[in-house]
Amino acid sequence: MKTITFNQKKISSIALEFDELIPDEVFNWKKSDFDKYMVPIGNSRFPLSDYFDIEVEGEAESPAQVKMVLNGDLGRVKYIGCKMTDGQIVTNSSVDLHCGAEMSGGSILINGDAESYAGREMTGGELEIMGNVKEFCGASYIGDWRGMTGGIITIHGNAGKQLGECLSGGEIHVKGDCDILAGIHMNKGLIRIDGDVTRSPGGQMLNGDIVINGSVSRFLESFNQDEIVLDPTIAGKSFLGKYVKFTGDIVRNGKGTIWLSAEKNRHLL
Amino acid sequence: MEYIIKNGTVYDPTNNVAGEKKDIMFKDGKIVDNVSSDAKVIDANDKIVMAAGIDPHSHIAGPKLVVGRLYRPEDSRRGIKSKTDVTRAETGFSIPNCPATGYRYSRMGYGTVIEAAMPPLEAKHTHEEIIATPNIDIGALSLFGNNWFVLEYAKDNNIDDLATFISKWLKLTRGYGVKIVNPGGSEAWGWGMNVHGIDDPVPYFDVSSRDIIHSLAEANEKLGLPHSIHLHPNDLGHPGNYETTVSSMDIVKDVSKNSPVRDQTVHMTHIQYHSYAGTNWRDFESGAEDVAKFINNNDYVTCDVGQITLDETTTMTADAPMEFDLHQLNGLKWANKDIELETAAGIVPFIYSGRNSVHSVQWAIGLEMFLMVENPWQIMLTTDSPNAGPFIRYPRVISWLMSNKRRVEMIENGEVHKAVGRKSIIATLDREYDFNEIATISRAAPARAYGFADKGHLGVGARADIAVYDINPNNIDPSNDYEAIEHAFGNAALTVKDGQILVKDGEVVSTKESQTIWTNVQGLEEQENVLMKKIMPVFDKYYTVKFENYPVFDNYVPNPIQVNVQAGK
């Protein structure tokens, strides 16, 4: 096992781009390789060593044997774990945009908040965010109709707008509240929201499941109310309590399902 | 600067050179038969030498490309290549940015490309994109098949005025030839309709597709244009459309050819999409046999294939009603555009998959056409880029054509759906192209079909557009070494354009500005003036642009290759 620790020395006013510093690329790097590496910042590259002290312990023969630990204020470090296929990344602070975007394997643990675009178009692996996440988590990039297609995103705090836009597989679990348009254009997969949802979850969804344990302030009328189910099993997972099942979005002939806590959403029934 | 490409194995079908060891010499941008002792020697021993490739039908410049790029940013995220000291940054897979288009053709050893559909009203922008595309000569075919004036002339069988109109509009648009897309159908789309077969009346014009095709073919020959009519017939992509295709080819059988530089009176484009049998997508099957049989029996027809490459791509065509059908079929996003009085367009992303039975049979139909049309001078290599797949897949298509083993492997390994065994006869066709036939379908035949006397061959006086590939024909079995074939044709060892070395070992080492090929018909100036006096009231009444803003000005064509044609001669 190889542990690579990044200890921040200096904060950049322009974001550092870390998409080349993933286990796939650095599993066989020595400290000297990091010291001479030039990290992209804006339209130029600068020595990584100006911004981080790097410690390397142990050896790795593959990305799976790498653990990267990032310490310091990472609010201006973006693309952490972007496109990684294996290994482990742990950050001990909040992170900037695109964390875990397009990752296909391995795990990322963010001990803080994540900016927008976290886990966008990820196809596998696990992304766990201990704080809040901003917009477009697990969504597609602009133009594409395929968001996250596999893997698991767990958010212990709240999620911003358009969570899981065009979700096409995998699971997103929000333990806090969620802003508007969760699961918009969703094609497949599962979104679980333990807290409240502001407005219009599942707009234009074609398929997949959204489970909301909190209340929804405004719900789209283009969903048909179906039965009330006690302790349902949804996408292979068991849920406790009474849920009202809605199907839609009928404006797109959708066959998606939204499960609302019956107790918290009496105002919609 | 003088050069000798020494000891290469040359394939030059136009000059009946098939795999001979020869030196190819060039000087001042032209092939010559002698150079001085100062000439720089390029060793091509154990390599293949051909004329640079000519793509007879591709969509690389114009408004639909721009719309495609704008509404498919996800495509622009693929194919990204950073700028170098020589090249600009490249983006895009199926709809690359303009510089990438030029570089990618160069890397494959291509030198000339025909943009297959230029709406006259948007011709200026098409030429702006041509200017922005380096390294290749580009000609654009102007769209005529749904133009209101054309429909009126066709209805009245007024061939004289139609010929004069074409002559004038090629000048106004700096176009190379006459393109017809879903004749009458794209106009009907303005009313939410389409036409099917060749005898459906076009709404409000009382004219049929048959009339439009025949009239435009007659007018084309009356002018003696270097290219024949370029026909995308009705019913593209509909099961059972092979009958429409055969009927469409039959329409022009009585039209006499009036050009010494080509053999055909009609060029059928992306014939794969027009060779479908069956009545719906359930009983859909190949109709290639009947279409190929007709072409084999009628030498006035040439075609290009539009081979499916089994990629995620972007479909874009002036056949707007077909694009709507496609959008209904796959449910993906759709862009629709009307070009007033002239044509329409639609764009839909498409994912061709070997796991899908229909897509697999489409793949087989394209290959059947390649393998069943006997004369390689009548069939040309295209993917109707980007519709059936991006042009960068030409090397892969070449490897399929040269290796029956590879085709059988794809069927047996499940890389294509097993339906190809039931719905096509591809598995029974064991023909394999040789290098000379590859040179014919990708160089010599397109050059002849377009009347390019100085392109597509390596004879003295031709442009020094040359491709060298790192293949030793004496030491390779394309049937087994298909991967090496694909790699070599995708990474030219050397690409020379007008005497300038652009590519070495698959990398772009220099760039040059593109040149615009267009046809200037001479001898009808007086008739054009008379006709314009009749046209202008209609133009002023119905177009939303002023005529003064309509023509392509000279500064839009800074590097012209002007092909002068004396009308009727």
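For the structure, see preceding data.
Residues numbered from 1 in each chain as written. Chains lettered and ligands numbered in written order. Predicted model: local features only at pLDDT ≥ 70, side-chain atom pairs only at ≥ 80, totals over all residues.

Colleague: Help me understand the overall build of chain A, please; the structure alone is not making it clear to me.
Modeller: In terms of helices and strands, chain A carries 2 helices and 21 strands. Over its C-alpha trace chain A gives a radius of gyration of 20 Å, about what one expects of a compact globule, namely 18 Å for 269 residues. On the principal axes, the C-alpha backbone points of chain A span a range of 65 × 35 × 30 Å. A buried classification covers 48% of the 269 residues belonging to chain A. A separation threshold of at least 6 residues defines the contact pool for chain A, and within that pool the share at least 24 residues apart is 37%. (Helix = DSSP H or I, 4+ residues; strand = E, 2+ residues; numbered from the N terminus. Rg over C-alpha atoms; globule rule 2.2 N^0.38 Å. Buried ≥ 20, exposed ≤ 12 C-beta atoms within 10 Å, placed from the backbone. Contact = placed C-beta atoms within 7 Å.)

Colleague: Mind showing me how you'd approach the overall build of chain B here?
Modeller: Tallying secondary structure elements over chain B gives 18 helices and 24 strands in all. Over its C-alpha trace chain B gives a radius of gyration of 22 Å, about what one expects of a compact globule, namely 25 Å for 569 residues. Along the three orthogonal principal directions, the C-alpha set of chain B runs to about 65 × 55 × 45 Å. Evaluated residue by residue, chain B yields a buried proportion of 57% over its 569 residues. Considering only contacts in chain B between residues 6 or more positions apart, those separated by 24 or more positions represent 78%.

Colleague: Got a minute to help me understand the packing of helix H10 (residues 288-297) of chain B against helix H12 (residues 357-372) of chain B in this structure?
Modeller: The relative placement of two packed helices is expressed as an angle between their axes plus a distance between the axes. Residues and elements named next belong to chain B. Put simply, H10 and H12 touch, their axes get as near as 9 Å, and they point 30 degrees apart. As judged from the angle between their axes, H10 and H12 are roughly parallel. In the packing of H10 onto H12, the handedness of the crossing is right-handed. Contact residues: Ala-288, Glu-289, Val-291 and Ala-292 in H10; Ile-365, Glu-368, Met-369 and Met-372 in H12. (Axes fitted to C-alpha atoms, helices over the stretch in contact; angles between N-to-C directions. Parallel < 35°, antiparallel > 145°, perpendicular 65-115°, else oblique. Left-handed = near helix turned anticlockwise from the far one by under 90°.)

Colleague: What's the story with the pairing of strand E8 (residues 88-91) of chain A in this structure? I'm lost.
Modeller: All names here are of chain A. As paired elements, strand E6 (residues 66-71) and E8 share 4 bridges and run parallel to each other. Of the residues in E8, the one forming a bridge with Leu-70 is Thr-91. As defined by bridge partners, E8 adjoins strand E9 (residues 107-110) across 4 bridges and the pair is classed as parallel. Along E9, the bridge assignment pairs Gln-88 with Ser-107. (Pairing = 2+ DSSP bridges.)

Colleague: Even after reading the chapter, I still don't get the environment of Asn564(B), so can you show me in this structure?
Modeller: Residues and elements named next belong to chain B. Its place among the elements puts Asn-564 in strand E24 (residues 560-566). On the basis of neighbour counts, which here come to 10 C-beta atoms within 10 Å, the residue Asn-564 falls in the exposed class. In sequence terms Asn-564 and Lys-155 are 409 residues apart; their C-alpha atoms lie 29 Å from each other. Once you skip the residues sitting within four places of it in the chain, Asn-564 turns out to touch Asn-520 and Gln-522.

Colleague: Explain the sheet that holds strand E17 (residues 343-351) of chain B here, please?
Modeller: Residue and element names in this part refer to chain B. The 3 strands are arranged E15-E17-E16 in an open sheet whose pairing can be described as antiparallel. This sheet does not close on itself; its edge strands, each paired only once, are strand E15 (312-317) and strand E16 (335-339). Adjacent strand axes in the sheet meet at a mean angle of 15 degrees when their direction is disregarded. In the packing of helix H11 (residues 320-330) onto the sheet, the strands contacted are E15, E16 and E17, and the crossing angle to E17 comes to about 30 degrees.

Colleague: Explanation requested: the environment of Gly109(B) in the structure shown.
Modeller: Residue and element names in this part refer to chain B. Summarising the element assignment, Gly-109 is placed in the loop between helix H3 (98-107) and strand E7 (110-118). In sequence terms Gly-109 and Asn-491 are 382 residues apart; their C-alpha atoms lie 7.7 Å from each other. The contacts of Gly-109, once residues within four sequence positions are left out, are Ala-52, Gly-53, Ala-467, Tyr-469, Ala-492 and Thr-495.

Colleague: Could you clarify how one ought to interpret helix H6 (residues 159-173) of chain B in this entry?
Modeller: Along an α-helix, residues three or four apart share an orientation, since each turn contains 3.6 residues. Here H6(B) is 15 residues long and its end C-alpha atoms lie 20 Å apart, about the 21 Å a rise of 1.5 Å per residue gives. Taken from the residues just after H6(B), Arg174(B) is the one with a positive phi, measuring 55 degrees. (Expected span 1.5 Å × (residues − 1).)

Colleague: I tried to follow the interface of chain A and chain B on my own but got confused; where do I start?
Modeller: Where the parts come together, the accessible area they lose is often given as the size of the interface. With 5 residues of chain A at the contact, the number on the chain B side is 7 residues. Taken together, the residues of the side of chain A that touches chain B break down into 3 nonpolar, 1 polar and 1 charged. (Nonpolar A, V, L, I, M, F, W, Y, C, P; charged D, E, K, R; others polar.)

None of the figures reported here should be taken as evidence of function without further support.
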